[in-house]
Structure formats: C-alpha cells, structure tokens
Amino acid sequence: MENKELVIMDIKKGEVCVLKICWKLDVNTSPLLEAKFSALLETGEKDFILDFSEVVYISSSGLRAVLMGAKKSAAAGGKTVLCALKPQIIEVFNVAGFTPLFSLFATEEEALESFK
Amino acid sequence: MEKEFVANSNAGQQCVILENKIDEIRRLSIIVEEFFLEHQLPSETLFKMNLVFEEIISNIIYYGYEDDTKHEIVINMNLLNGILAVEIKDDGKAFNPLANPEPRLDAPLEERPIGGLGIYLVKHLVDEIRYSRYNNFNILSFRKNIHDKG
C-alpha cells in the first residue's frame, strides 16, 4: 500500500530526543511510532519532544501510541512533551481528554525550555 | 471564509464495499475525500469523518469476525439538506459498540487505560448514532450536520 510509511526523524537536542512525526498517525502507521519509542528507550533515551508540526491526522491508534510512549518514558524517569499541534489535532486531544495529560507547547523552543 | 453551502442543491449518494482488511481504510479515506471535494464540504468535517470511519471499520475488522474468511463491509453515504447520513453494515458477530462503557477520562497518565477510546471519539464527533442488528447484520448508522462547527 502506498504511503504506508510514517516518517519519524529523531534529532538529539542536548539530553532531549526530538521526534518529528510526519503526516498521519492512523491504524497503519501508529505501531511504527510505538516501535520507535521502544527502540529509543532501549538505548537509554527518556526525555522526548514530539514535534507535531507535520501531523495532519490522528486517530485513537495514534493517541494510544503517544500515550504508551509517554507512559514508558515516565516509567524510565523521563518525560514526553508535545509541540506545534494543529488545531484539528488539539481538538481530538480535547475530545479524548488527553490535553490535561500532556504539556503542549506552541514551538519546539518552548518545549526544549521545559526540560531546563 | 467557507464556501457558501446551499441546501438541497447539493445532494449525493455513494456506496462503498470494503473487504475486511485493514488496508481498506486508506482506500475508503480517499473515496471519502473525493466525495467531500465533489460536494464542496468543509475539510474540518472531512478530517472528523475519516477519523470516525477509521475507528468503526478497524473495530469491525479486528473484533467482528470469528473466522479467517473474506467478508464485506458495506458503507452507504447519503448527503441531503446539509446532513451526511451514513450506514455501515457488516456480517460479523452481533456487537453493539455503543454499549461499551466509556473510558475514564479523568485518570492520570499512569492509570489511563489504553483501550476504549475509538468509539468514545466516534460518539463525540457525530451528531446522532444508532446500532441495530438485523438479519445477521450489524448496522451502525450515524448523521453528521455538515454546517455545525465541531
């Protein structure tokens, strides 16, 4: 199936790992985010910024992947914050009751600031 | 500014038959997008409808069947007077997704259950939703007012 791949770039900024997620977090692609989280946690990463600036779609499977990752990073003694969510994505977070669970920042810079 | 939406002059119907394979959700999303473009419906609603479709169809495919054979999921979309009415019919085991208990949304991160969110989202993104069991088919029908924000 074309376009099935989810592109996730990870960039290390100091101690924090920035995951830039591209396009859609749906039932096809969300397991890839979970796998990425797990792989990075295994290498000792525990602080994450999820850059949502390129995410145009999220379903419950995407929410689940974000929640799983955040739970695991918290269990490892770190934290996961999110930045640059588009309005329609924030709306899904609101409906799902996810907004109070996460620190949401407008920009990556502000998200990085929260780790200092 | 959104395009002015003229009631009555913008009616349309579409029937889509999917196989019980998870890849089919992508195909459906493309068909739904074309339907929305053809009828000049707002993109905010398109996003929500694709989300609703993904949750319902993936639920049917993952939990509806007790065998490994091919099944059909029949989707009828009907646009009239600014209301999109959708019916989704499957021949899986009798299951009313609307009867599921709602997930606890007040739980903190560590205690938040992983499942149960999909149908909760569906219920909150459509305007009216009903389930019925008829002749060994599950029939889930919902309506979405296209004009409404939200």
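Reading the values: the criteria
Residues numbered from 1 in each chain as written. Chains lettered and ligands numbered in written order. Predicted model: local features only at pLDDT ≥ 70, side-chain atom pairs only at ≥ 80, totals over all residues. Heavy atoms only, no water. Helix = DSSP H or I, 4+ residues; strand = E, 2+ residues; numbered from the N terminus. Rg over C-alpha atoms; globule rule 2.2 N^0.38 Å. Buried < 20%, exposed > 50% of the residue type's maximum accessible area, 1.4 Å probe, protein only. Contact = heavy atoms within 4.5 Å. Areas by Shrake-Rupley, 256 points an atom, 1.4 Å probe, with all protein chains shown as cover. Lys, Arg positive; Asp, Glu negative; His and termini not counted. Charge placed at Lys NZ, Arg CZ, Asp CG, Glu CD. Polar contact = N/O pair within 3.5 Å; in protein donor to acceptor, adjacent residues only side chain to side chain. Pairing = 2+ DSSP bridges. Axes fitted to C-alpha atoms, helices over the stretch in contact; angles between N-to-C directions. Disulfide = S-S within 2.5 Å. Patch = residues over 30% accessible without salt bridge, like charges linked within 9 Å, V, L, I, M, F, W, Y side chains within 5 Å. Salt bridge = Lys/Arg side-chain N within 4 Å of Asp/Glu carboxyl O. Expected span 1.5 Å × (residues − 1). Arc of directions from axis to C-beta.

## Concerning the overall build of chain B
Broken down by element type, chain B carries three helices and five strands. Beginning at the N terminus, the succession of helices and strands in chain B can be written as β-α-α-β-β-α-β-β. Taken over C-alpha atoms, the radius of gyration comes to 16 Å for chain B, in line with the 15 Å a tight globule of 150 residues would show. For the C-alpha atoms alone, the extent of chain B along its principal axes is close to 45 × 40 × 25 Å.

## A short note on the overall build of chain A
Looking only at helices and strands, one finds four helices and five strands in chain A. N-terminal to C-terminal, the α/β element order of chain A is β-β-α-β-α-β-α-β-α. In summary, chain A has a C-alpha radius of gyration of 13 Å against a globular reference of 13 Å for 116 residues, a match within 12%. When its C-alpha atoms are laid out on the principal axes, chain A stretches across 35 × 25 × 20 Å. Taking all 116 residues of chain A together, the buried fraction comes to 50%. Long-range contacts, defined here as pairs at least 24 residues apart, represent 72% of the contacts in chain A between residues at least 6 apart. When the accessible surface of chain A is totalled, it reaches about 5000 Å², and 54% of it is carbon and sulfur. The centroid of the 13 positive side-chain charges in chain A is displaced by 3 Å from the centroid of its 16 negative side-chain charges.

## With respect to the environment of B:E44
Residues and elements named next belong to chain B. One can find E44 in helix 2 (residues 43-63). Looking at E44, the relative accessible area reads 39%, which means it is partly exposed. With 102 residues separating them along the chain, E44 and I146 place their C-alpha atoms 9.6 Å apart.

## Describing the side chain of A:E108
Residue and element names in this part refer to chain A. Mapped onto the elements of the fold, E108 is located in helix 4 (residues 108-113). Within the structure, the side chain of E108 is placed 2.4 Å from the side chain of K13, a separation counted as a polar contact. Excluding its chain neighbours within four sequence positions, the residues that come into contact with E108 are K13, V18, I49, D51 and C83.

## Overview of the sheet that holds strand 3 (residues 83-90) of chain B
All names here are of chain B. An order of 1-2-3-5-4 is seen for the five strands of this open sheet, with the pairing classed as antiparallel. Here the strands that pair on one side only, and so sit at the sheet edges, are strand 1 (12-19) and strand 4 (128-134). Neighbour-to-neighbour, the strand axes of the sheet open up by a mean angle of 15°, direction not taken into account. Looking at chain direction, strand 3 and strand 5 (residues 137-145) are connected through eight bridges and run antiparallel. Looking at the pairing, L84 lines up with K144 of strand 5.

## Quick look at the state of the cysteines
All names here are of chain A. Applying the stated criterion across every chain yields a total of zero disulfides over all chains. A disulfide-free cysteine, C22 has its sulfur positioned 12 Å from the sulfur of C83, the nearest such atom. For C83, a relative accessible area of 0% corresponds to the buried category.

## A short note on a nonpolar patch on the surface
A surface patch of nonpolar side chains, amounting to about 230 Å² of accessible area, comprises A:V7, A:M9 and A:I11. For A:I11, the position within the fold is in strand 1 (residues 7-13).

## Digging into helix 2 of chain B
Each turn of an α-helix holds 3.6 residues, which means side chains three or four residues apart point in the same direction. Its 21 residues place the ends of helix 2 of chain B 30 Å apart at the C-alpha level, agreeing with the 30 Å of an ideal helix rising 1.5 Å per residue. In terms of burial, helix 2 of chain B is largely enclosed, as 17 of its 21 residues are buried.

## Concerning helix 3 (residues 87-95) of chain A
All names here are of chain A. Every buried residue belonging to helix 3 is among I89, V92 and F93, and all of these are buried. Taken around the axis of helix 3, the buried residues stretch over an arc of 100°, which confines them to a single face. In the stretch just after helix 3, G97 is the one whose phi turns positive, near 70°.

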